[in-house]
Amino acid sequence: MGESGSGGSEGVRRLFGTDGVRGVANVHPMTSEMALQLGRALAWKVRSGNHRHRIVIGKDTRLSGYMLETAIASGICSMGVDVLLCGPLPTPGIAFITQSMRADAGVVISASHNPYQDNGIKFFDRTGFKLPDEAELEIERMILGEPGQGEAREFHALRPTADLIGKAKRIDDAIGRYVVFLKSLFPRDQTLDGLKVVVDCANGAAYHTAPSVFEELGAQVVALHVDPDGRNINDACGAVHPEGMAEAVRAHGADLGIALDGDADRVIVADEKGRVVDGDAIMAIVARDLLQRGALRQETVVATVMSNVGLERSVAELGGAVVRTQVGDRYVVEAMRRRGYNFGGEQSGHLVFLDHVTTGDGVCAALNLLAVMRRTGLPLSALATCFTPSPQAQRNVPVREKRPLETLPGVTQAILDVEKALGSAGRVLVRFSGTENKARVLVEGPDDESIRVHADHIAEELRRALA
């Protein structure tokens with residue numbers, strides 16, 4: 001059952017990772033100069049037909065968002081395409097606005113769960129879906145101007161003048177539009193009256209949308225980390241640090257805790273006892289509900305190689321199945337669209353309800369979970385008993401470079417040793433992060449102690465080779 005690898009095609013990419021372009025703000029490639037070029041390239045790609053083209057731009061609450069927003073908007077306008085500015089809005093909100101306003105593309109300026117000094121840029125097409133790998137690679141080639149490529153030369157030469165230059169305007173009601181849309185996803189015959197919900201917004205993009213959604217549906221909301229200052233996004237809060245949210249659930253006697261990340265495309269929750277429930281458990285609960293209602297297409301859930309085998313066991317109990325993709329919610333969505341599935345996600349809390357949204361949406365996921373609680377009348381602690389995870393140990397190892405694992409004999413031998421020790425009772429996954437300079441190790445097996453030792457062994461070999 002062992003698996004190893006880099007987790008995708010990052011090796012052939014020079015700008016884009018698994019979730020757009022990302023890095024330390026004002027350091028290559030996250031510079032104003034590169035943002036301008038990315039804006040120009042995206043505008044070039046969407047120019048087709050005689051209509052006035054428009055691109056939506058949104059961001060999270062990072063200090064560097066101002067710098068990058070201005071630069072990318074300038075690049076887009078310089079290609080004769082108009083810009084619609086949303087300001088701080090969750091990533092799925094930008095996807096929704098792009099699709100709703102019939103814009104030609106959408107841009108999100110965010111580094112998701114990363115610390116504030118990082119930032120990123122990712123693109124959506126006119127239908128609200130992330131650009132596929134091939135489109136991102138085309139943009140790379142245009143920007144980097146590979147010799148002999150006529151399209152790249154034509155792209156760099158294009159300079160509209162006079163009234164052909166694009167203009168920018170702000171969408172003042174973007175937040176309201178998105179809040180109304182999210183509320184429409186909750187069953188019309190249900191409310192959240194009588195429920196107390198803790199909502200940790202990570203001082204990020206959902207700080208003014210998420211609390212409003214739950215309050216307007218009737219819940220009593222305890223809002224945490226809704227005072228962004230440009231530097232405190234994800235700082236000891238949100239989905240990456242859900243312990244504060246869990247403690248608040250206990251302190252306030254809440255029925256549910258919800259922790260979003262910086263751009264609110266993922267969620268981690270806590271039950272009424274303050275116990276953290278991860279994305280795999282949420283997927284199991286929701287998938288079983290969909291199966292029982294005959295609403296899970298092809299009776300199949302899409303997950304990644306990181307998801308716990310306990311998810312497969314839980315779904316199989318009701319006759320369902322799990323198919324796996326490489327890590328990244330974009331690959332989950334691509335598999336869902338290609339094969340006609342309607343629900344999938346990641347252990348990290350990226351959950352995608354393709355009947356309603358085009359990308360991971362933390363608030364949408366929380367609303368779907370709350371709907372199950374309302375339909376069954378059961379608290380989350382009772383619902384979560386349907387999921388029994390196998391022990392997992394995960395390690396994140398900072399690396400200087402991402403060399404192919406097969407060129408690291410100490411690492412490959414450590415992986416082989418662990419796979420042999422586990423046999424058919426477990427699995428190993430070693431890959432490089434697509435968004436950070438880290439190697440990620442996952443070992444799954446029959447008991448906590450042995451897999452911790454195995455994970456530490458592989459992580460130590462990675463440090464020796466690449467730290």
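Starting from 1, residues in each chain are numbered consecutively following that chain's sequence as written. Since the coordinates come from a predicted model, pLDDT governs what is reported: local features require at least 70, and pairs of side-chain atoms require 80 or more to be given and counted, while whole-chain, interface and lining totals use all residues. Water and hydrogen atoms play no part in the side-chain values, which are based on all heavy atoms of the structure.

K.L.:
Lay out the sheet that holds strand β18 (residues 427-432) with the relevant residues and their values.
P.N.:
Pairs of strands are assigned from DSSP output, requiring at least two bridges between the strands. Helix and strand assignments follow DSSP, with helices taken as H or I runs no shorter than four residues and strands as E runs no shorter than two, numbered in order from the N terminus. With respect to topology, three strands assemble into an open sheet ordered β17-β19-β18, the strand pairing being antiparallel. At either margin of the open sheet sits one strand with a lone partner, and together these are β17 (392-398) and β18. Here the strands of the sheet are splayed against their neighbours by 10° on average, with no regard to which way each runs. Across six bridges, the pairing between β18 and strand β19 (residues 438-444) is antiparallel. Its bridge partner lying in β19, Arg-427 is registered against Glu-444. Between the N-to-C directions of two axes lies an angle of 0 to 180 degrees, each axis being a line fitted to C-alpha atoms and, for a helix, fitted only over the stretch in contact.

K.L.:
Go over the pairing of strand β9 (residues 220-224), please, and point to the residues and values.
P.N.:
Across five bridges, the pairing between strand β8 (residues 196-200) and β9 is parallel. In the strand pairing of β9, Val-198 is matched with Val-222. Here the term right-handed applies to a crossover when the path leading from its first strand over the helix to its second strand runs clockwise, the strands being oriented away from the viewer. Between β8 and its parallel partner β9, the chain crosses via helix α7 (residues 210-216), and the hand of that crossover is right-handed.

K.L.:
Describe the nonpolar core, naming the residues involved and giving the relevant values.
P.N.:
With 73 residues, the main nonpolar core has Ile-97, Leu-182, Phe-214, Ile-258, Val-269 and Phe-343 as its most contacted residues. Here this core gets 10 residues from one element, more than from any other, and that element is helix α12 (residues 362-376). We call two residues contacting when some pair of their heavy atoms lies within 4.5 Å. Beyond its immediate sequence surroundings of up to four residues, Ile-258 is in contact with Val-197, Val-198, Val-199, Asp-200, Phe-214, Met-245, Val-267, Ile-268, Val-269 and Ala-366. For this analysis, a nonpolar core means a set of buried residues of the types Ala, Val, Leu, Ile, Met, Phe, Trp, Tyr and Cys, connected via side-chain atoms within 4.5 Å. For each residue, the accessible area found with a 1.4 Å probe, counting protein chains only, is set against the maximum for its type, and the residue is called buried under 20%, exposed over 50%, and partly exposed in between. Counting 35 residues, the second-largest nonpolar core is a separate cluster that includes Ile-55, Ala-71, Ile-121 and Phe-123.

K.L.:
Describe the environment of Val-199, listing the residues and the values that go with them.
P.N.:
Along the chain, Val-199 turns up in strand β8. For Val-199, a relative accessible area of 0% corresponds to the buried category. Separated by 50 residues in sequence, Val-199 and Val-249 have C-alpha atoms that sit 9.5 Å apart.

K.L.:
Could you give an account of the pattern of salt bridges, with specific residues and numbers?
P.N.:
Every case where a carboxyl oxygen of Asp or Glu lies within 4 Å of a side-chain nitrogen of Lys or Arg is listed as a salt bridge. All told, the structure shown has 33 salt bridges when counted by the stated rule. Its salt-bridge partner being Lys-59, residue Glu-69 comes within 3.2 Å of it at the nearest N-O pair. Taken together, the positions of Glu-69 in helix α2 (residues 65-77) and Lys-59 in strand β3 (residues 54-59) put the pair 10 residues apart, joining distant regions of the chain. For Glu-69, a relative accessible area of 7% corresponds to the buried category. Residue Lys-59 is classed as buried on the basis of its relative accessible area of 6%. Residues Glu-460 and Arg-463 are paired through a salt bridge, measuring 3.6 Å at the closest nitrogen-oxygen approach. Of this pair, Glu-460 and Arg-463 both sit in helix α15 (residues 448-466), three residues apart, which is roughly one turn of that helix. The exposure class of Arg-463 is partly exposed, given its relative accessible area of 37%. Shared partners join several salt bridges into a network, and the residues in it are Asp-19, Arg-22, Lys-122, Lys-130, Asp-263, Asp-265 and Asp-329.

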